[in-house]
Amino acid sequence: MSTAELVFAHRHLLGIAELDAMDIGQILDLGDTFLAIGERAIKKVPTLRGRTVLNVFLEASTRTRVSFEIAGKRMSADTINISGSGSSTQKGETLLDTARNLMAMNPDVIVLRHSAAGAAAYVARHVNAAVINAGDGTHEHPTQALLDCATIRHHKGRVAGLEVAIVGDIAHSRVARSDVLALCKLGARVRLCAPATLMPRDIDAIGGDDTRGRVSVHHRLESALEGADVVMMLRIQNERMGAEAPRFANPREYARYFGLSQRTLAYTADDAIVMHPGPINRGVEMMPEVADGERSVILDQVTYGVAVRMAVLYLLGGGTRSDSAAA
């Protein structure tokens, strides 16, 4: 796709819910073109030179934060990282005051991770910069879903028509919500699997017409995995449960019934791939021999994460045809 033809219809990336299949495809196609930059000896192009990107991570992160930082720097943007422990929010500053103060510095893009659902949309209403949601509570994590789709498309050649099983803590997972929306919009069918205590009501209707008839709910791992083309495992998000009553007996029992092992992987299609957004709790949702096995594409997800986030920064950060051509 020529960058001269790129017109992205959105000012912000707040969730997959706001995108259609063409928007998603545009980002994935552009991500494919940026993937090659990471394979060069000199991994930098001047595409966003002169632009300022603020990575504001007010919730713990490793992969996403570093991925956005590398993406920005590879495109020559001035990239500044702000963490929750080093921000004024620790001193009682409100999110609105934080946003207004950041905006006074005239950034071009604000990448925000926050523990509250809707935080990115809230900030977007009060700033002039483009806002990218890097995860807001249990709501959405759009760039994770985009990189997951990119990884699937790379390994399977398509997304449409695939059977994708997502297994784990669906109730607390923003990744699951974004993945369901993105996969269904691209034509896949999704099987959600978890104990009943970790499966939200009506999750199969989360996307309205986009997901209706494309999402099925399972409470047995074997039925969810039967013939699946892709298996996405999710960890138990204990940090989001707070003072809730236990959702399952103990990690050992959870692993017995919902952990992906060589035995349960055998239920999937012979060429099925195994994915995980990380971090992995080895021995709980996934056994080490599966995480490190030949069907695992977990590290490819990390690689595609940089390329896809470069694409998002390009589209929202004002990348130009002339700059790209100069690269």
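Because the structure is a prediction, the values reported are computed rather than measured.

Chemist: Provide a residue-level description of the overall build of the chain, including the pertinent values.
Modeler: Within the chain, the secondary structure is distributed over 12 helices and nine strands. Here the chain has a C-alpha radius of gyration of 19 Å; the compact-globule value for 327 residues is 20 Å, and the two agree. With respect to the principal axes defined by its C-alpha atoms, the chain has extents near 50 × 45 × 40 Å. Among the 327 residues that make up the chain, the fraction classed as buried is 57%. By element, 49% of the accessible surface of the chain is carried by carbon and sulfur atoms, the whole surface being about 14000 Å².

Chemist: Summarise the environment of Gly-135; cite the residues concerned and give the values.
Modeler: Checked against the element boundaries, Gly-135 lands in strand 4 (residues 130-136). C-alpha separation for the pair Gly-135 and Leu-147, spaced 12 residues apart in sequence, amounts to 14 Å. Once residues lying within four places of it in the same chain are set aside, the contact partners of Gly-135 are Leu-112, Arg-113, His-114, Glu-140, His-141 and Arg-174.

Chemist: Help me get a handle on the sheet that holds strand 2 (residues 78-83), residues and values and all.
Modeler: Ordered in space as 2-1-3-4, the four strands form an open sheet in which the pairing is parallel. At either end of the open sheet lies a strand with only one pairing partner, and these are strand 2 and strand 4. Strand after strand, the sheet turns through a mean of 15 degrees between neighbouring axes, direction not considered. In the sheet, strand 1 (residues 52-57) pairs with strand 3 (residues 109-114) via five bridges, with the strands oriented parallel. Across the sheet, Val-56 pairs through a bridge with Leu-112, a residue of strand 3. Sitting on the sheet, helix 11 (residues 298-317) is in contact with strand 1, strand 3 and strand 4, with an inclination near 145 degrees to strand 4.

Chemist: Mind laying out the sheet that holds strand 8 (residues 230-233), listing which residues take part and the relevant values?
Modeler: Pairing in this open sheet of five strands is parallel, and the strands run 7-6-5-8-9 from one edge to the other. Looking at the sheet topology across the chains shown, the edges are occupied by strand 7 (215-218) and strand 9 (273-275). Ignoring which end each strand starts from, the neighbouring axes of this sheet average 20 degrees apart. Strand direction decides the pairing type here: strand 6 (residues 189-193) and strand 7, joined by four bridges, are parallel. Within the sheet, the bridge partner assigned to Arg-191 lies in strand 7 and is Ser-216. The strands that helix 6 (residues 174-185) touches are strand 5 (163-167), strand 6, strand 7 and strand 8; relative to strand 5, the one it contacts most, it runs at about 175 degrees.

Chemist: Which residues make up the side chain of Ser-296, and what values go with them?
Modeler: With respect to the secondary-structure elements, Ser-296 resides in the loop between helix 10 (288-291) and helix 11. Within the local environment of Ser-296, its side chain forms a polar contact with the backbone oxygen of Ala-291, the two atoms lying 2.9 Å apart. There is a polar contact of 3.5 Å between the side chain of Ser-296 and the backbone nitrogen of Ile-298.

Chemist: Can you break down the pattern of salt bridges residue by residue, with the values?
Modeler: The full count for this structure, using the stated rule, is 12 salt bridges. Asp-32 is paired through a salt bridge with Arg-153; the nearest N and O atoms lie 2.8 Å apart. Of the two residues, Asp-32 sits in helix 1 (residues 21-35) while Arg-153 sits in helix 5 (residues 142-156), which places them 121 residues apart along the sequence. A relative accessible area of 24% places Arg-153 in the partly exposed class. A salt bridge links Lys-73 to Glu-69, with the shortest nitrogen-to-oxygen separation between them at 2.9 Å. With Lys-73 and Glu-69 both in helix 2 (residues 63-74), this residue pair falls four residues apart, about one helical turn.

Chemist: Before we move on, could you go through the layout of surface pockets and cite the residues and values that matter?
Modeler: Reported here for the largest pocket is a volume of approximately 550 Å³. The wall of the largest pocket is formed by 28 residues, among which Arg-63, Arg-113, Pro-277, Gly-278 and Pro-279 lie closest to the centre. Those elements giving two or more residues to the lining of the largest pocket turn out to be helix 2, helix 5, helix 6 and helix 11. The element that contributes the greatest number of residues to the lining of the largest pocket is helix 11, accounting for four residues.

Chemist: Just give me the short version of the pairing of strand 8, but keep the residues and values in it.
Modeler: The side chains of a regular strand alternate between the sheet's two faces. Along strand 8, one buried face is formed by Val-230 and Met-232 and the opposite face, lined by Val-231 and Met-233, is buried too. As defined by bridge partners, strand 5 adjoins strand 8 across four bridges and the pair is classed as parallel. Residue pairing for strand 8: Val-164 is matched across the bridge by Val-230. The sheet contact formed by strand 8 and strand 9 spans three bridges and is parallel. Among the inter-strand pairings, Val-230 is bridged to a residue of strand 9, identified as Ile-273.

Chemist: I'd like to hear about the packing of helix 1 against helix 11, residue by residue, with values.
Modeler: Relative to each other, helix 1 and helix 11 sit at 115 degrees, their axes nearing to 8 Å. The element helix 1 and its partner helix 11 pack so that their crossing is right-handed. Contact residues: Gln-26, Ile-27, Leu-30, Gly-31, Asp-32, Phe-34 and Leu-35 in helix 1; Thr-303, Tyr-304, Ala-307, Val-308, Met-310, Ala-311, Val-312, Tyr-314 and Leu-315 in helix 11.

Chemist: I'd like a rundown of the packing of helix 5 against helix 6, residues and numbers included.
Modeler: As a packed pair, helix 5 and helix 6 sit with axes 8 Å apart at the nearest point and diverge in direction by 50 degrees. When the interaxial angle is binned, helix 5 and helix 6 end up oblique. The way helix 5 lies across helix 6 gives a crossing that is right-handed. On helix 6, the residues touching Pro-142, Gln-144, Ala-145, Asp-148, Cys-149 and Ile-152 of helix 5 are Val-175, Ser-178, Asp-179, Ala-182 and Leu-183. Looking at the contact of helix 5 with helix 6 residue by residue, the class counts come to seven nonpolar, two polar and two charged.

Thresholds applied
Residues numbered from 1 in each chain as written. Predicted model: local features only at pLDDT ≥ 70, side-chain atom pairs only at ≥ 80, totals over all residues. Heavy atoms only, no water. Helix = DSSP H or I, 4+ residues; strand = E, 2+ residues; numbered from the N terminus. Rg over C-alpha atoms; globule rule 2.2 N^0.38 Å. Buried < 20%, exposed > 50% of the residue type's maximum accessible area, 1.4 Å probe, protein only. Areas by Shrake-Rupley, 256 points an atom, 1.4 Å probe, with all protein chains shown as cover. Contact = heavy atoms within 4.5 Å. Pairing = 2+ DSSP bridges. Axes fitted to C-alpha atoms, helices over the stretch in contact; angles between N-to-C directions. Polar contact = N/O pair within 3.5 Å; in protein donor to acceptor, adjacent residues only side chain to side chain. Salt bridge = Lys/Arg side-chain N within 4 Å of Asp/Glu carboxyl O. 1 Å grid on protein atoms, 1.4 Å probe; cavity = no way out; pocket = protein on both sides within 12 Å on 5 of 7 lines; lining within 4 Å. Points joined across faces, edges and corners; volume = space filled by probe spheres on them. Left-handed = near helix turned anticlockwise from the far one by under 90°. Parallel < 35°, antiparallel > 145°, perpendicular 65-115°, else oblique. Nonpolar A, V, L, I, M, F, W, Y, C, P; charged D, E, K, R; others polar.

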